[in-house]
Each structure stands twice: as structure tokens, then as C-alpha cells.
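A closer look at the structure
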Amino acid sequence: MDQERQTGEAKDAGETREMNMIEAINSALDNMLERDDDVILLGEDIGYFGGVFRCTAGLQEKYGKTRVFDTPISECGIIGVAVGMGAYGLRPVPEIQFADYIYPGLDQLISEAARLRYRSAAEFTAPMTVRSPFGGGIFGGQTHSQSPESIFTHVSGLKTVIPSTPYDAKGLLISCIEDNDPVIFFEPKRIYNGPFDGYYDKPAKSWKGFDEAQVPEGHYRIPLGKARTVREGDAMTILAYGTMVHVVESVTRSKGVNAEILDLRTLVPLDIEAIEESVRKTGRCMIVHEATRTSGFGSELSALVQERCFYHLEAPIERVTGFDTPYPHSLEWAYFPGPVRIGEAIDKLLQD
């Protein structure tokens, strides 16, 4: 059981219950709706239907249509309304049904939400948390599988958060909603119901029996900007987030490689101190993400490691990513950074 469970507010958050990530997100939203009357949920089909993935199931019935309500199919409208709500003093949590459809709301996010505190000299803020499922692994094709996180990490004024376990999903989401700045909260849809080791031809796993699925019923926070050490080691450092945390953990165990795996949790703010400490110890670094390679967040990570750890590196930094194409439907598992490509990168890194 990691340190986050033993310290801070989690120890006072009541009894734990085994949850998958969907249930943990629902619990976080339920908790915040109950604690703070300013918290509002809005999005396509999130009310009566409870969302495509059921993350908001039962919340409209419990809190009413003025606090959990459906919107038209208009992402720019959803984000624009949320910006206004935030400026007015509310804490909106808009849902974009799939991350692939967030692009019509980019102007509102970048030009309005991210700039509001700065342009108003802190007279106004936009305390909004944009939830959205992202990533592949479900045969969603090019319009339901994209990973656009690097777009938002480029925007000053936005925070970007990606959980990889039910426990983290609840604690991080609560921290996001309570934060006074706009946050993009991407939910890896492939691990909603269970961790994924990358072997798509094997039976799917559930979160049942995993320590990370033991989630407190009450209120607790996981601070933004703090990475989680998934596994300690000294052969290399592997930086990952979301679904890829589970894939790299599975591959390193199967290959018997004593790698240190860091789950970044938040891309902005980034726990650069944890990254630097780990790479200086191991001397080797691999970065894994599902998004396209060019200008992916791995590029920023690679630059930071090179700048800060150059004299400690014993081999070039390796990146294992998606390809520079739209997410293919029929060739999904060739695109997905799976065990074969990760394994080859590990072998290369250890040979250098």
C-alpha cells in the first residue's frame, strides 16, 4: 500500500470499498456535489442516462436537474457555459463525451478559461474541471480513441491530470474540482473496468482483488503535481501515465527487468523532482505514451531529462509511442504501444 494511502486525508476518509474507476469517479462527483453546493455537472447524456460510461449514474436523481443536467451536442457551448459559471463563482464539471470531440471547445478553453485569471489580474477565475474519456484499446477508431493531452500541456493556465487507478481517480478528481484553476481530467477508458497489460488477445481483467481498487467512501485528496512510484528499481526509469502504466509494469515483470516505474499522474504540474531523482539513480530513461510521437508529451519529458540529467545518462532516451497517423480501427494493436514494442525498447536501452 503506497504512501498516499497512509498519510494526508485518505486515512480519515471512512471505510473503503472495492471500486472500478467508473465507480470511483462517480463517488468523487457524489462527494463533491454533497459537500459544495457550487459544484455543477453538465454534459451530453450525463443526467437521466448517467453518461455513456455511466460515470454520472444516479447523480441527477439524487441532486436534481439544476445541478446535474444534459446539454445540447455542442462542445463549444458546454465549455463556454462552464467558463461563465466559473467566473460567476460556481465550480462546474463539464463532461466531453469523448476526448476526440473536445476540439470545438478549444477556443473557450485556451482563449478564455486558461487566460481568465491572468487577464483579470486574479479578479476572476475559472475553477472548472473538464472530464473526458480518452485513449484507445476499445476499437473506437479515429473518432473515439485519440489522446490529445499534449495540446493542453502547451497552454499556460491549464492543468492536465490523468489517473491510472480507481484510488487515484477519486483523489485526483476531488483535488481538481477544489482547484481554483481550469483542469483537463482525462480518463483512460481502456482501464475503466480493470487494468490492461497490453495483451489484447487474453481475457480482460477486472479491478477486483487489486489494492488500487480499495477506495475510501469519503473525501480525500491526492495532491496535483506528485508522481507515484509504481515500482522501485535501478535498471532504468520508465515514465508513463494512464493505461500505459499497467502495460509497462506487466512487460518489465515478464522480462525480469528491475525497472523503476513512475506514474506521472499529472502532466501539468509535473513532478520533475521525482523524475530527476529516479533518472539520476538508474542512468537510463524510457518514456511511454499512447499519443502520436511528434510533439507528444514524451518530447517535453525527453527534453527535461536531457537538460537535467545529461551527465547521469548511460544511454540515449527511448520513446515508445503511437504513430503519426489517426488511430486506425483495423490495425489498432499495431498502433497501440504494446508489449512487443516496449520489450524491444527495453532490450535496446539495456544494450547501450
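Residues numbered from 1 in each chain as written. Predicted model: local features only at pLDDT ≥ 70, side-chain atom pairs only at ≥ 80, totals over all residues. Heavy atoms only, no water.

**A look at helix H2 (residues 21-35)**
Here is the rule we go by: Secondary structure follows DSSP: runs of H or I at least 4 residues long count as helices, runs of E at least 2 residues long count as strands, and numbering of each begins at the N terminus. The span you would expect from a helix comes to 1.5 Å times its residue count less one. Each residue gets one of three labels from its accessible area relative to the maximum for its type: buried under 20%, exposed over 50%, partly exposed in between, using a 1.4 Å probe on protein chains only.
The first and last C-alpha atoms of H2 sit 21 Å apart over 15 residues, in line with the 21 Å expected at 1.5 Å per residue. By the criterion of burial, H2 is predominantly enclosed, with 11 of the 15 residues buried. Among the residues of H2, those classed as buried are Met21, Ile22, Ala24, Ile25, Asn26, Ser27, Ala28, Leu29, Asn31, Met32 and Leu33.

**Details of the pattern of salt bridges**
For clarity, the cut-off: Criterion for a salt bridge: a side-chain nitrogen of Lys or Arg within 4 Å of a carboxyl oxygen of Asp or Glu.
Here the structure, examined in full by the defined rule, presents 21 salt bridges. For Arg131, the salt bridge is made with Glu95, and the minimal N-O distance between the two is 2.8 Å. Note that Arg131 is positioned in strand E5 (residues 129-134) and Glu95 in strand E4 (residues 91-95), a separation of 36 residues in sequence. Across the pair, Glu95 and Arg131 agree in class, each one buried. For Glu112, the salt bridge identified is with Arg119, shortest N-O distance 3.1 Å. By relative accessible area, Glu112 is classed as partly exposed at 33%. One salt-bridge network, held together by shared partners, links Arg117, Lys159, Asp179 and Asp181.

**Description of the nonpolar core**
Just so we agree on the cut-off: Within this scheme, the nonpolar core is defined by two criteria: the residues are buried Ala, Val, Leu, Ile, Met, Phe, Trp, Tyr or Cys, and they are joined through side-chain atoms within 4.5 Å. Contacts are assigned to residue pairs that have any heavy atoms within 4.5 Å of one another.
Formed by 63 residues in total, the largest nonpolar core has its most connected members in Ile25, Leu29, Leu41, Ile238, Met286, Val288 and Ile342. The residues contacting Val288, other than those within four sequence positions of it, are Ile238, Leu239, Ala240, Tyr241, Met244, Val248, Val320, Pro337 and Ile342. Of all hydrophobic cores here, the second largest spans 44 residues; its members include Leu90, Ala113, Ile162 and Tyr241.

**Some words on helix H11 (residues 297-309)**
Heads up, the rule is: Regarding the arc, it is the one traced by the directions from the helix axis to the C-beta atoms.
Taking 1.5 Å as the rise per residue, H11 with 13 residues should run 18 Å; its terminal C-alpha atoms sit 18 Å apart, in good agreement. Those residues of H11 that sit buried are Phe297, Gly298, Leu301, Ser302, Leu304, Val305 and Cys309. Buried residues along H11 cover an arc of 165 degrees about the axis, so they all sit on one side. Against the buried residues of H11 lie helix H7 (149-153), strand E10 (237-240), strand E12 (266-268), helix H10 (272-282), strand E13 (285-292) and strand E14 (318-322).

**Regarding the confidence of the model for the chain**
As a reminder, the rule being used: pLDDT expresses, on a scale from 0 to 100, how confident the predictor is about each individual residue.
Across the chain, pLDDT averages 95, with 97% of residues at or above 70. This model gives residues 3-8 a pLDDT under 50, and the stretch forms 13 contacts once residues within four places in sequence are excluded.

**Overview of the packing of aromatic side chains**
Aromatic ring pairs are defined here through the distance separating the ring centres and the angle between the ring planes. Cut-off, in case you're wondering: Any pair of Phe, Tyr and Trp rings, taking the six-membered ring for Trp, is counted once the centres come within 6.5 Å. Such a pair is stacked with planes under 30 degrees apart, edge-to-face with planes over 60 apart, and tilted for the rest. Cation placement over rings: the criterion is NZ of Lys or CZ of Arg within 6 Å of the ring centroid and within 35° of the ring normal.
Across all of its chains, the model carries 15 aromatic pairs by this definition. Both rings, one in Tyr200 and one in Trp333, keep their centres 4.7 Å apart while their planes meet at 5 degrees; by these two values the pair is stacked. Here Tyr200 is found in the loop between strand E7 (183-188) and strand E8 (214-216), whereas its partner Trp333 is found in helix H12 (residues 332-335), with 133 residues between them in sequence. A residue is classified by how much of its surface remains accessible, and Tyr200, at 47% relative accessible area, is partly exposed. By relative accessible area, Trp333 is classed as buried at 19%. Their ring planes at 85 degrees and their centres at 5.1 Å tell us that Phe310 and Tyr311 sit as a pair that is edge-to-face. Take Phe310: its relative accessible area is 46%, and that puts it in the partly exposed class. Residue Tyr311 is classed as exposed on the basis of its relative accessible area, which comes to 77%. Connected via pairs of aromatic rings, a cluster forms that spans Phe139, Phe196, Tyr200, Trp333 and Phe336. Above the plane of the ring of Phe49 lies Arg54, whose end atom (NZ or CZ) is 5.0 Å from the centre. For the cation-ring pair, Lys202 lies above Tyr199, with the distance from its terminal atom to the ring centre recorded as 4.3 Å.

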